[in-house]
Each structure stands twice: as structure tokens, then as C-alpha cells.
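# Residue-level structure breakdown
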Amino acid sequence: MTIPPQLVATARCLWWWQWQRLMDGLAPADAEGNYQRRPSQFAGRPLEPLLQQCTTTVQRPLLIIGRSCPWAHRTRLVHQLCGLADAVNLVLVEPDPQAGRWVFPAPLLGCRSLQELYRLAGANPQQRATVPLLLDPGSESRSPVILSNESAELVQLLNRWPGSAMDLEPEPLLEAIDQWSQQLQHSLNDGVYRCGFARSQTAYDRAEAALFAALEALEESLSGQGPWLCGAQLTLADVRLFPTLIRWEQVYAPLFGCSRQPLWCLPALWQWRARFLALPGVLETCDPLAWRTDYFGALFPLRPSALVPAGPMDGAALQQLVQRPVPSTMET
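Residues numbered from 1 in each chain as written. Predicted model: local features only at pLDDT ≥ 70, side-chain atom pairs only at ≥ 80, totals over all residues. Heavy atoms only, no water.

Moving on: a nonpolar patch on the surface. A contiguous nonpolar surface patch, about 260 Å² in accessible area, is contributed by I3, L7 and V8. Mapped onto the fold, I3 is located in the segment before α1 (5-26). (Patch = residues over 30% accessible without salt bridge, like charges linked within 9 Å, V, L, I, M, F, W, Y side chains within 5 Å. Areas by Shrake-Rupley, 256 points an atom, 1.4 Å probe, with all protein chains shown as cover. Salt bridge = Lys/Arg side-chain N within 4 Å of Asp/Glu carboxyl O. Helix = DSSP H or I, 4+ residues; strand = E, 2+ residues; numbered from the N terminus.)

Shown next, in the form of C-alpha cells:
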């Protein structure tokens, strides 16, 4: 049966209107359709007093993360690389796509969802319950306290934790780390979301151009020095980049439209990613099935069918994919 053109046009208009309403809740945008990340209520405190508060809690702080979230992945990487398992307890939350929230597999402090925990800890009712979250669990006589939920701060806090097994922010490299972190945050780490959540073609084109310009800058830098972004030593700049790049083929290229060229066209960056994945403990922080299931299943305004595409089912398969040599025509 042929569908009348007027019905098609009407359906498109209705879907466009409804899609805009759904996106308002999922990913706010400015008047030109550019994605705008919401500010956090718990960011911006001076690091040293915050670190003192974090390390003097009666009970071990809790680092609450979701496996699919790249911002949480950053903090999990530092937690792993710095050997903080005995200092900060790691707690995993799972997505509830039907309700659009994070939930605990088993109640935590009497809370079944992360939103309930935020409220218990005194958060503003309008504050979104996001991961990562560093929490002082409190005690029987004292309510839990949110220490921070800003990943950029948390990776610094965890790196400076007493007894940390390595220093990912060495003094001589602070300027280079800061330069890379600022350059990557807007164009690349946020850039994939600015592509995926763009509300107009102009907004998408702008974000996509900045994204691939950032990738080219990375490729040029790594081709001239290495093996890491700031030279011979692994730093927080590398940690902040890895969660975005390791999700590239799994999520950002197929779902967010970051598909101008595959990463293997950037051989120095491809080899950098394989090198990072091979670091001790990094592979076990990666869960490609969770990434695809959560992104494709939860972001239904971008994928109304909620169909989850095939891909590597576990970390071992991901490792084989990522560490595959680049085609000979692309080798440097």
C-alpha cells in the first residue's frame, strides 16, 4: 500500500516536534541547536581541602560508576592504575532505560536508585543524578555527603590520594596536561556528544569539524613524539582521552554520526589506543556489550527501535579488534 504524501509529511512534523521535546530532557541545546552540557552542583571546590575531606571520612568513600559512562570510566581507570581498591570502594550502578535513571543492583544505604541517594545526601531536587559520584557514606548518626560528581576533579583527587601507586600529574608536565585536557574536553570528549545531540545540521557540522580537527591534532602530535600525549610518561591527559576513543567503533561512529573516517586512518592514534588498552588492569575496565546496550537501548530519541547492533561481546574480543595492525597502506 502506498502511503499518501500528506500523511508522510504530517508524521514527519509530529515526530520532529516530539523529538525536540524528548531532546529537551535528554540533552539541552542553545537557540542554534548546539548541545549544552548541564553544570554540576558539586563542582568547583578547591582540590586540596576537598582531598583532605575525602581522606578523613570515618568509612571508606564510595566511588559510584556506571560501566557505559565515559566520564565514570575516567575515574575507574585512575582508581585501577593508582591501585586504590583498598582505599576507595567501587560501586557499580545499572541503567534503567524505562525510567531513564541509574539503579543499584542491591539497595545502597536504603536507596534503590542513584536519584534517591542524591536526595538522601541533600542534593537539590533539580540536580540530575549522574555518575561518577564520590560519596562519604556517613554513619548511623550522620547522613551521607556528596564529595564530588565532576570527573575532571575526581581524576585529580584520586591521583593525589595517599598511597597512590603512580603519579599521573607530575609537576614538570602540568602545563602540557592542562593544555591537552582543555583542548580535548570541548572538541573531543564533549565533541562526540555535540555531534550526537546536535539539533540542527549547522550545529552538527560545526561539532563534527572540530571533532576531526582535534583527532588530526592528536595524530600530528603523537607522530612527532610519544609514546604518550605529553611525551614519555603516562598522564591524566591520556586517561581523559581513552574512554572516548575506546567507544569509537562501538557507539560514537554508528550512533552519534562521528563517521567521517575510521580511527585506523590515524595510525599513530590507533597505536596509542592499543598501547593504553594493554596497560595492566585497563582491559577489565572495558565492557563493550554494556556500552552498546546502554547507549542504543537508553538513548531512544536517537534510536527509536532500541535495536542493539552486533560487536565484540567482551573485553578480550575488544582487545583483538583494537590491537589489530593498521592496513599496510596506512602504516607510518
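Turning our attention to the sheet that holds strand β6 (residues 145-148). Note on sheets: strands pair through backbone hydrogen bonds, and any given pair is parallel or antiparallel. If you walk across this open sheet you meet the 6 strands as β4-β3-β2-β1-β5-β6, and the pairing is mixed. Only two strands of the sheet have a single neighbouring strand rather than two, namely β4 (111-113) and β6. For this sheet, the mean angle separating the axes of adjacent strands, direction not counted, is 35°. Of the pairings in the sheet, the one linking strand β3 (residues 101-108) to β4 comprises 2 bridges and is antiparallel in character. Looking at β4, one finds that V103 is bridged to S113. Seen against the sheet, helix α2 (residues 47-54) touches β5 (133-136) and β6 and runs at an angle of roughly 135° to β6. (Pairing = 2+ DSSP bridges. Axes fitted to C-alpha atoms, helices over the stretch in contact; angles between N-to-C directions. Contact = heavy atoms within 4.5 Å.)

Grouped together as the largest cluster of nonpolar side chains are 98 residues, with contacts concentrated most on I64, L215, W248, F256, L269, W272 and F276. Setting aside anything within four residues of it in sequence, one finds L215 in contact with L188, L245, W248, L263, L266 and L269. (Core = buried A, V, L, I, M, F, W, Y, C linked by side-chain atoms within 4.5 Å. Buried < 20%, exposed > 50% of the residue type's maximum accessible area, 1.4 Å probe, protein only.)

Let's shift gears to the packing of α2 against helix α5 (residues 151-159). Two elements in contact, α2 and α5, have axes whose closest approach is 10 Å; the angle formed by their N-to-C orientations is 65°. Where α2 crosses over α5, the two elements pack in a sense that is right-handed. Across from L47, L50, L51 and C54 in α2, the residues of α5 making contact are E153, Q156 and L157. By residue class, the composition of the contact of α2 with α5 is 5 nonpolar, 1 polar and 1 charged. (Left-handed = near helix turned anticlockwise from the far one by under 90°. Nonpolar A, V, L, I, M, F, W, Y, C, P; charged D, E, K, R; others polar.)

On to the packing of aromatic side chains, then. Overall, the coordinates contain 15 aromatic pairs when judged by the stated rule. Ring centres 6.0 Å apart and planes at 75° place the aromatic pair F256 and Y295 in the edge-to-face group. Placement of F256 in helix α10 (residues 248-256) and of Y295 in helix α12 (residues 288-298) is noted, with a sequence separation of 39 residues between them. On the basis of relative accessible area, Y295 is assigned to the buried category, the value being 7%. (Phe/Tyr/Trp six-rings, centres within 6.5 Å; stacked < 30°, edge-to-face > 60°.)

With omega at 5°, the peptide bond leading from V131 into P132 counts as cis. Among the secondary structure elements, P132 is positioned in the loop between α4 (114-120) and β5. The residue after G226, namely P227, is reached through a cis peptide bond having omega 10°. With respect to the element layout, P227 can be found in the loop between α8 (201-224) and α9 (236-246). Located in the positive-phi region is L109, a residue other than glycine, with phi close to 55°. Phi is positive for A306, close to 60°, though the residue is something other than glycine. A residue is classified by how much of its surface remains accessible, and A306, at 33% relative accessible area, is partly exposed.

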